Amino acid sequence: MTLENIEEYRNKLRHSAAHLLAEAVLKIHPEAKLTIGPPIKDGFYYDFDINVTFSPQDLASIERDMKRSIKRNTKFEGKELTKNEALEIYKHNPYKIEIINSMPKGEIITEYSHSDGKFKDLCKGGHLDKTGEIKAVKLLSNAGAYWRGDEKNKMLQRIYGTAWESEELQQEYLEKRKQAIESDHRKLGTSLNLFFLDPISPANPFFLPEGTFVYNKLIDFVRKLYEKYDYKEVITPQIFSTDLWKKSGHYDFYLENMYMMEIDDHEVGVKPMNCPAHAIIFQSTLRSYRDLPLRIADFGRLHRYERSGVTHGLTRVRSFSQDDAHIFCDQKDAGSEIKNFLEMLKESYTAFGFNQPRLTLSLRPEKRAGSDDMWDIAEEQLRTVLEDFDETFEEIEGEGAFYGPKIDIFIPDVMGREWQLGTAQMDFSLPERFNLEFINNQGEKERPVVIHRAMLGSIERFIGILLEHTGGDLPFWLAPNQINIIPITDSHLDYSKDLYKKLKTKGLRVNIDYSNERLGQKIRNSEIKKIPVMLVIGDKEKDSKSASVRTRKYGDLGTLNENQLIEKLLSF
RNA sequence: GCCUCAGUAGCUCAGUUGGCCAGAGCAGACGACUUGUAAUCGUCAGGUCGGGGGUUCGAAUCCCUCCUGGGGCUCCA
């Protein structure tokens, strides 16, 4: 089977498993109303409208019943229904009625059954021939889910499961899932002493010295790129009068996510974004077309109130900073600015081994600012640049921000969930609201466009994703501790200290393990802390002024003399 | 915010038909050992059993409530 065929087959398999799940639930709870049960990545779910909740024991017994159904190996059979028939059969199920009524005219309505017709479900199809083809199935969890994903609707009970064409594949998948937990950035954050979270300030991470080192090193990395790509960094206030938020529109559109307070009888808000501050900087002086494009960068700390229940480790927090910048330019230059940005982004992502980010282009939504002409131009600019950059990008209708179209860059975490890191968003609204102008080469006033862009995105989120992708083995240049010198006994301490000084003066981040442990134990400790390089110093090394080099990435490199050693280390 | 599961030492966890002063391993401190590539031995210290309230002669264990976290939903200008 080709890859596509396997995917198609698995979708059928999982969709079929969802039907077995519905069948089993109905046996225990005949009053449950069926809604939908699609296949998803690695599994499937089914949503039930039911007044009870499922316990882990319930899931186990439901799973057993599904397996009995598999054993009976009955056929999946489809049957066409007229709209009237369908409406009659499902008259007690408002969800199915809604589905039937929302179908376009002329679409064929079908119902699928198995267990010799004892179970039937309105369904567009896509099933296996017989239930026995499901070789492995396991229910994983249950959760609440709103009908049609809208929180104004009733909350349904969802059961998630996984299903595979062989028991081995399922075992493999479950094993992979278990191992993924080891690379979870929250776990690594604790074991590597990088950061932690405390209920005293929920969703606001504390960065420990080594985590802070990584944080600052990432910012250094971005600053070097800013120099190369001609960005100007600024520092802007943390708190602004409500006047600013009213002008920018945040007061109308973003207030529920903002931290507001009252000072001197005046309402002020902590910034959730840098853009209004950058607009203030832009208009702080008269701007000429010769000043453009003006690229203003800001690592300012942002605070956004995220609803409880949506926060997550470092990847969704309430306080963070971004490698944020705003480009003020003539509309006709926007395309090349985006192009430059994507080049810089590629340069940075490659450095971290993120070789295949997923890119999306989000197009105009229903409610929007700016004229259709502006949207036409902007969308075409983005599309042209993207086609050149990565032909696999995906266009999404209606998903653009109200102020302009945007490009988003996604990288998955260790559980396969995707997170947005980089973004480039065109903005027609901000220049209007702040009445931004520059003097063009005709001596006339002209309105610039603003491009919001971030490469790494939130530094917090980036660290989280990077940790998961590296399993905690950060690149050598980013590792807070690069080298661990391990003297075998006290008698090797003097030479270890000599070596320490030599490496330190080369700018390498090095430590000596003074602990009174055996070699094996010291090596183990160093491995657990994922320190990239270990230098073992014994009699041999001391006498020949050398070190026995053990690395995490390249294994044992044998004994190197001081010059060889320094050369090697600087090459990492 | 909603559904669901969970919270015992710094970390990983044991401990429930309610019953002696709540346990282990790792990490930590101290001591012995002076060691050749992923765990040397011993001693000590460390806990409001997430917080509060209740039931009970008695609560880590049962009930209520709040907080925080995990998995989802929703949201993500």
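As the structure is a computational prediction, the values presented were derived from the model and not from experiment.

Colleague: Tell me what's going on with the packing of helix H7 (residues 209-229) against helix H14 (residues 459-470), and back it up with residues and numbers.
Modeller: Taken N-terminus to C-terminus, the directions of H7 and H14 make an angle of 110 degrees; their axes are 11 Å apart at the nearest point. When the axes of H7 and H14 are compared, the pair comes out roughly perpendicular. Between H7 and H14, the residues in contact are Val214, Tyr215, Leu218 and Ile219 and Ile459, Glu460, Phe462 and Ile463, respectively. Its residues assigned to classes, the contact of H7 with H14 comprises seven nonpolar, no polar and one charged.

Colleague: Would you mind going over the domain arrangement of chain A in detail, with residue names and values included?
Modeller: Partitioning chain A into domains gives domain 1 (3-182), domain 2 (186-236 + 271-470) and domain 3 (481-571). Just the C-alpha atoms count here: the centres of domain 2 and domain 3 sit 41 Å apart. Between domain 2 and domain 3, the residue contacts involve seven residues of the former and five residues of the latter. Taken as a group, Leu192, Glu210 and Phe213 account for 64% of the area that domain 2 buries against domain 3, more than any other trio of residues on that side. On inspection of domain 2 and its partner domain 3, the count reaches zero salt bridges.

Colleague: Got a sec to walk through the pairing of strand S15 (residues 294-298)? Specific residues and values, please.
Modeller: Buried residues dominate S15, accounting for five of its five residues. Every second residue of S15 is oriented toward a common face, with Leu294, Ile296 and Asp298 on one face and Arg295 and Ala297 on the other, all of them buried. Sheet analysis places strand S11 (residues 232-233) next to S15, joined by two bridges and oriented parallel. The residue bridging glutamate 233 from the neighbouring strand is alanine 297, located in S15. Examined bridge by bridge, S15 and strand S17 (residues 319-329) share five bridges and lie antiparallel to one another.

Colleague: Explain the sheet that holds strand S14 (residues 266-270) to me, using residue names and the numbers behind them.
Modeller: On the basis of which strands lie adjacent, the open sheet formed by three strands has the order S12-S14-S13 and antiparallel pairing. On the outer flanks of this sheet lie strand S12 (239-241) and strand S13 (260-263), each paired with one strand and no other. Strand-to-strand, the axes of this sheet are offset by a mean angle of 40 degrees, without reference to chain direction. Bridging between S13 and S14 involves four bridges; their strand directions are antiparallel. Counterpart to methionine 261 in the pairing with S14 is valine 268.

Colleague: Break down the side chain of serine 166 for me, with residues and values.
Modeller: For serine 166, the position within the fold is in the loop between strand S8 (155-164) and helix H5 (167-182). Assessed through its relative accessible area of 17%, serine 166 is described here as buried. A distance of 3.1 Å separates a polar side-chain atom of serine 166 from the backbone nitrogen of leucine 169. Each residue touching serine 166, except ones within four places of it in the same chain, is listed here: Lys135 and Ala136.

The rules behind each value
Residues numbered from 1 in each chain as written. Chains lettered and ligands numbered in written order. Predicted model: local features only at pLDDT ≥ 70, side-chain atom pairs only at ≥ 80, totals over all residues. Heavy atoms only, no water. Axes fitted to C-alpha atoms, helices over the stretch in contact; angles between N-to-C directions. Helix = DSSP H or I, 4+ residues; strand = E, 2+ residues; numbered from the N terminus. Parallel < 35°, antiparallel > 145°, perpendicular 65-115°, else oblique. Contact = heavy atoms within 4.5 Å. Nonpolar A, V, L, I, M, F, W, Y, C, P; charged D, E, K, R; others polar. Domains from an automatic or database assignment. Buried area = accessible area lost by both parts, 1.4 Å probe. Salt bridge = Lys/Arg side-chain N within 4 Å of Asp/Glu carboxyl O. Buried < 20%, exposed > 50% of the residue type's maximum accessible area, 1.4 Å probe, protein only. Pairing = 2+ DSSP bridges. Polar contact = N/O pair within 3.5 Å; in protein donor to acceptor, adjacent residues only side chain to side chain.

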